[in-house]
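# Structural overview for review
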Amino acid sequence: MTGLHDLPPLRDVIRTHGLEARKGLGQHFLLDLNLTGRIAREAGDLTDCDVLEVGPGPGGLTRGLLAAGARRVVAVEKDRRCLAALEEIRAVSDGRLEIVEGDALGFDAAAELAPGARVVSNLPYNVGTPLLFGWLERLEHFAGLTLMFQREVAERIVARPGDKAYGRLAVMCGWAADCQIVMDLPARAFTPPPKVASAVVNLVPLAKPRAEADMATLSRVVAAAFNQRRKMLRQSLKALGGDTAVLLDSADIDPTRRAETLSIEEFAALARNVQVAG
Ligand code: SAM
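Residues numbered from 1 in each chain as written. Predicted model: local features only at pLDDT ≥ 70, side-chain atom pairs only at ≥ 80, totals over all residues. Heavy atoms only, no water.

### Regarding the overall build of the protein chain
Per the secondary structure count, the protein chain includes twelve helices and nine strands. Once the C-alpha set of the protein chain is aligned to its principal axes, its extents read approximately 70 × 35 × 25 Å. Scored against the burial criterion, the 278 residues of the protein chain give a buried share of 49%. For the protein chain, contacts bridging at least 24 residues in sequence account for 69% of all contacts bridging at least 6. Roughly 13,200 Å² of accessible area belongs to the protein chain as shown, and the carbon and sulfur atoms make up 49% of that amount. Side chains of the protein chain give 34 positive and 35 negative charges; the mean places of these two sets differ by 6 Å. (Helix = DSSP H or I, 4+ residues; strand = E, 2+ residues; numbered from the N terminus. Buried < 20%, exposed > 50% of the residue type's maximum accessible area, 1.4 Å probe, protein only. Contact = heavy atoms within 4.5 Å. Areas by Shrake-Rupley, 256 points an atom, 1.4 Å probe, with all protein chains shown as cover. Lys, Arg positive; Asp, Glu negative; His and termini not counted. Charge placed at Lys NZ, Arg CZ, Asp CG, Glu CD.)

Here is the structure:
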């Protein structure tokens, strides 16, 4: 009986199926199965959960997830050229791999995967952040997200107040999850190599958000504050409408401070007061 280990090397898969990388689709493939196996292991125990993989491409990480014992992998790929290569993996997956052709931005993971699902993906750089924000909105559905980003984006996710990279991504992710960079990958790990290094981030959802707030309001406050990150809050928060001085005072925040100095709890306090005022 043939199995995962009998599949041809990924270089051969790419040649056989004519999968020359397309820049517009953010195609930078991982061909080293040791590496994809490591990423799958960083995601934790996959044996009792559904796994979403966005952009399986030729299937290096898909193989890693299946080899790690994933109960069910749903792989959403936009590039039709990859489907035949993925079908070869599906054929030896014991029914554990489902391939979905389409745009992951339109894929409702919370509807298609069982609660407690995990997302494990080497994300296409051009849609990575919108996908992450989509999953954040349904975070209670997920046991964890293990995601490869450009290193600079990974730093923006795990940043703390005062860090140069601290902004909307750090506040929204840190409000809802524990976020950690768990792996660094140099550009040469990919075929073709991108211009920048990459990193894998683990996001582990908190049982409840770090501080009480309505997510949409919090997002609005954080966006206003960081849209003019060099300005004092008494100026940048004017974009929210209402009396900025009263808002800052009610949250006990000095109006001359700048967004980059505020903790997640302080942003949440602002969001609660915006809601009360609204
Ligand atoms: N997982 C593979 C690997 O690690 O070698 C490929 C990763 S590559 C960085 C990104 C993959 O996402 C490509 O296969 C690309 O075709 C696919 N992709 C790009 N945009 C997509 C979208 N909107 N929805 C689904 N897949 C997409």
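Don't stop here, the text continues.
### Quick notes on the pattern of salt bridges
Following the criterion strictly, the structure yields 16 salt bridges and no others. Residues Lys-78 and Asp-103 are paired through a salt bridge, measuring 3.8 Å at the closest nitrogen-oxygen approach. Taken together, the positions of Lys-78 in the loop between β3 (72-77) and α4 (83-90) and Asp-103 in the loop between β4 (97-101) and α5 (109-112) put the pair 25 residues apart, joining distant regions of the chain. One salt bridge connects Arg-80 with Glu-101, and the closest N-O pair in it is separated by 3.1 Å. With a gap of 21 residues between them, Arg-80 in the loop between β3 and α4 and Glu-101 in strand β4 connect regions that are remote in the sequence. Overall, Glu-101 belongs to the partly exposed group, its relative accessible area being 41%. Overlapping salt bridges, with partners in common, bring together Asp-50, Arg-71, Arg-72 and Glu-98 in one network. (Salt bridge = Lys/Arg side-chain N within 4 Å of Asp/Glu carboxyl O.)

### A closer look at the nonpolar core
In this structure, Leu-132, Trp-135, Ile-157, Leu-203 and Phe-267 are the most contacted members of the largest nonpolar core, which totals 59 residues. Ranked by residues supplied to this core, first place goes to helix α8 (residues 168-176) with seven residues. Sequence-distant contacts of Phe-267, defined by excluding residues within four places in its chain, comprise Tyr-166, Val-171, Leu-218, Val-221, Val-222, Ala-225, Phe-226, Ala-259 and Leu-262. In this structure, Leu-31, Ala-40, Leu-83 and Leu-185 belong to the second largest nonpolar core, which totals 36 residues. (Core = buried A, V, L, I, M, F, W, Y, C linked by side-chain atoms within 4.5 Å.)

### Some thoughts on the packing of helix α2 (residues 33-42) against helix α3 (residues 60-67)
For the pair α2 and α3, the least separation of the axes is 8 Å and the interaxial angle reads 55°. As judged from the angle between their axes, α2 and α3 are oblique. With respect to the hand of their crossing, α2 and α3 are arranged in right-handed fashion. Side by side, α2 and α3 meet where Leu-33, Thr-36, Gly-37, Ile-39 and Ala-40 of the first sit next to Gly-60, Leu-61, Arg-63, Gly-64 and Leu-65 of the second. (Axes fitted to C-alpha atoms, helices over the stretch in contact; angles between N-to-C directions. Parallel < 35°, antiparallel > 145°, perpendicular 65-115°, else oblique. Left-handed = near helix turned anticlockwise from the far one by under 90°.)

### What about the sheet that holds β4?
Adjacent strands of a sheet form backbone hydrogen bonds with each other and so pair up, either parallel or antiparallel. Spatially, β4-β3-β2-β5-β6-β9-β7 is the arrangement adopted by the seven strands of the open sheet, whose pairing is mixed. Each having just a single partner strand, β4 and β7 (177-185) make up the two edges of the open sheet. Adjacent strand axes in the sheet meet at a mean angle of 20° when their direction is disregarded. In the packing of α4 onto the sheet, the strands contacted are β3 and β4, and the crossing angle to β4 comes to about 165°. (Pairing = 2+ DSSP bridges.)

### A short note on the site of the ligand
Every one of the 20 residues lining the ligand counts as a neighbour, but Leu-30, Gly-55, Glu-77, Asp-103 and Asn-122 are closest to it. In this structure, Glu-53 approaches the ligand through a side-chain N or O atom, which is 3.4 Å from a nitrogen atom. Compared with its free state, where it exposes 590 Å², the ligand has 99% of that area covered by protein. Residue assignment for the shell around the ligand shows that the elements contributing at least two residues are β1 (29-30) and β3. (Near = heavy atom within 4 Å. Polar contact = N/O pair within 3.5 Å; in protein donor to acceptor, adjacent residues only side chain to side chain.)

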